[in-house]
Amino acid sequence: MDETIGQVIENFLLDWGIDKLLTVTVDNASFNSVTISYLKNVMKDWPTNILSNEHLHVRCCTHIVNLIVCDGLKKMNVSVVKIRNTIRLVRSSPSRFVT
């Protein structure tokens, strides 16, 4: 399947007349590495090869930042739940009503 995606991208590039390609930006899914390797192998013989495809694979920075933020929010959520539970306990405590 991984090479199939590479073949589809290759066909689109050829159909669209794109023969100069510096980078392909993708997320960090594991199959993207095989796809990019396929494209590098195919494109090495293209006469307009730019920088020997050295910088062809670029990971999407916003996707990486999104993963970091989601991970941080998960950890923060645990703390927020603990604080909320503590506040509920204090609010429902009978000793709170004693003056």
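Let me sum up the structure you'll find in this document. The model shown is predicted, which means the values in this text are computed figures rather than measured ones. (Residues numbered from 1 in each chain as written. Predicted model: local features only at pLDDT ≥ 70, side-chain atom pairs only at ≥ 80, totals over all residues. Heavy atoms only, no water.)

Things to note about the overall build of the protein chain
Argument step 1. Scanning the protein chain from N- to C-terminus turns up three helices and two strands.
Argument step 2. In the protein chain, the succession of helices and strands from N to C terminus is α-β-α-β-α.
Argument step 3. Counting over 99 residues, the protein chain shows a buried share of 16%.
Argument step 4. For the protein chain, long-range pairs separated by at least 24 residues make up 76% of all intrachain contacts whose partners lie at least 6 apart in sequence.
Argument step 5. Here the protein chain displays about 7,600 Å² of accessible surface, and carbon together with sulfur accounts for 60% of that area. (Helix = DSSP H or I, 4+ residues; strand = E, 2+ residues; numbered from the N terminus. Buried < 20%, exposed > 50% of the residue type's maximum accessible area, 1.4 Å probe, protein only. Contact = heavy atoms within 4.5 Å. Areas by Shrake-Rupley, 256 points an atom, 1.4 Å probe, with all protein chains shown as cover.)

A closer look at the nonpolar core
Argument step 1. Counting eight residues, the largest nonpolar core is built from Leu13, Leu21, Val24, Ile36, Tyr38, Leu39, Val42 and Met43.
Argument step 2. A per-element tally of this core places helix 2 (residues 31-43) first, with five residues. (Core = buried A, V, L, I, M, F, W, Y, C linked by side-chain atoms within 4.5 Å.)

Some details on the environment of Thr35
Argument step 1. Its place among the elements puts Thr35 in helix 2.
Argument step 2. For the pair Thr35 and Gly6, spaced 29 residues apart in sequence, the C-alpha to C-alpha distance is 4.7 Å.

Regarding the packing of aromatic side chains
Geometrically, a pair of aromatic rings is defined through the distance of the ring centres and the angle of the planes.
Argument step 1. Applying the stated criterion across every chain, the model contains one aromatic pair.
Argument step 2. Seen in terms of ring centroids, Phe12 and Trp16 are 5.1 Å apart; in terms of plane orientation they differ by 20 degrees. Their pairing is stacked.
Argument step 3. The exposure class of Trp16 is exposed, given its relative accessible area of 60%. (Phe/Tyr/Trp six-rings, centres within 6.5 Å; stacked < 30°, edge-to-face > 60°.)

Section: a nonpolar patch on the surface
Argument step 1. A cluster of nonpolar side chains, Val8, Phe12, Trp16 and Ile18, forms an exposed patch at the surface whose accessible area comes to about 400 Å².
Argument step 2. Looking at the secondary structure, you find Ile18 in the loop between helix 1 (2-15) and strand 1 (24-26).
Argument step 3. Take Ile18: its relative accessible area is 32%, and that puts it in the partly exposed class. (Patch = residues over 30% accessible without salt bridge, like charges linked within 9 Å, V, L, I, M, F, W, Y side chains within 5 Å. Salt bridge = Lys/Arg side-chain N within 4 Å of Asp/Glu carboxyl O.)

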